[in-house]
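Chain residues, written in single-letter form:
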Amino acid sequence: MSGGEAWRGNIKARLYERVRERGFDSLIAFAEARPAIPLYALADELGNDVAAVQVLSGLLYEAQQRRQVTRLVRDVLVRELAERFPNGWPGALDDVSRGEVALGLGTWFAYTPETHKERVDRAGDALLAHPPPPGWQPLGPDDELLRTLLPDEEA
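Remember, it's a predicted structure, so these values are computed and weren't measured experimentally. (Residues numbered from 1 in each chain as written. Predicted model: local features only at pLDDT ≥ 70, side-chain atom pairs only at ≥ 80, totals over all residues. Heavy atoms only, no water.)

Asker: Sorry, what's going on with helix 3 (residues 39-46) here?
Answerer: Because the α-helix completes a turn every 3.6 residues, residues three or four places apart line up on one side. Of all the residues in helix 3, the buried ones are Leu-39, Leu-42, Ala-43 and Leu-46. Taken around the axis of helix 3, the buried residues stretch over an arc of 100 degrees, which confines them to a single face. Of the surrounding elements, those touching the buried residues of helix 3 are helix 1 (11-21), helix 2 (27-32), helix 4 (52-66), helix 5 (69-84) and helix 6 (95-111). Gly-47 sits one or two positions beyond helix 3 and adopts a positive phi of about 135 degrees. (Buried < 20%, exposed > 50% of the residue type's maximum accessible area, 1.4 Å probe, protein only. Helix = DSSP H or I, 4+ residues; strand = E, 2+ residues; numbered from the N terminus. Arc of directions from axis to C-beta. Contact = heavy atoms within 4.5 Å.)

Okay, here's the thing in structure tokens:
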């Protein structure tokens, strides 16, 4: 994205036009076809006039309509972890990897709607208290460990 083009015109119409051009009828379908791809990369794929926060907002709107917000929240964590740990969860949490985990969990919390923040906070605490095995790399929101940490209970 360059020069603020993402904030000009009808953002929602632009998003859905780009998604339809790529053969999808929803932003969720577009994102699901690209599991574990960071939000900024999804935005880049839709054009240099689309911002990651716009993609996130559109995904949240659709998830609310489908009553799948919890699933989206897990999906956002998958995308954050894939960006920060392309080879999976670190084997040892040294200062550097602990910082990356903290940044990833913090970003996840920041991207979480208010209705789910308390649950995400508890899930993040559980991940830190009982880290997953080294190399763990969830490929989507239906990962067994993620579903245990954040079950499909809509808030």
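Asker: How should I be thinking about the nonpolar core in this particular structure?
Answerer: Proteins that are soluble and globular tend to have nonpolar side chains buried together. By size, the foremost hydrophobic cluster in this structure holds 37 residues, and its most contacted members are Leu-27, Leu-46, Val-55, Leu-59 and Trp-108. Elements with a contribution of two residues or more to this core: helix 1, helix 2, helix 3, helix 4, helix 5, helix 6 and helix 7 (117-129). Counting residues per element, this core draws most heavily on helix 5, at eight residues. Excluding anything up to four places from it in sequence, Leu-27 contacts Leu-15, Tyr-16, Val-19, Leu-46, Val-55, Gly-58, Leu-59 and Glu-62. (Core = buried A, V, L, I, M, F, W, Y, C linked by side-chain atoms within 4.5 Å.)

Asker: Help me understand the packing of aromatic side chains, please; the structure alone is not making it clear to me.
Answerer: Geometry of an aromatic ring pair is reported as the spacing of the ring centres plus the angle between the planes. Scanning all chains against the criterion turns up three aromatic pairs. Between the aromatic rings of Phe-24 and Phe-30, the centroid separation amounts to 5.8 Å while the plane-to-plane angle is 80 degrees, which identifies the pairing as edge-to-face. Exposure remark for Phe-30: the relative accessible area of 0% places this residue in the buried category. Ring geometry for Trp-89 against Trp-136: centres 6.1 Å apart, planes inclined by 55 degrees, an arrangement best described as tilted. Of this pair, Trp-89 sits in the loop between helix 5 and helix 6 while Trp-136 sits in the loop between helix 7 and helix 8 (144-149); the two residues are 47 residues apart in sequence, bridging distant segments of the chain. Neither residue differs from the other here; Trp-89 and Trp-136 are each classed as buried. (Phe/Tyr/Trp six-rings, centres within 6.5 Å; stacked < 30°, edge-to-face > 60°.)

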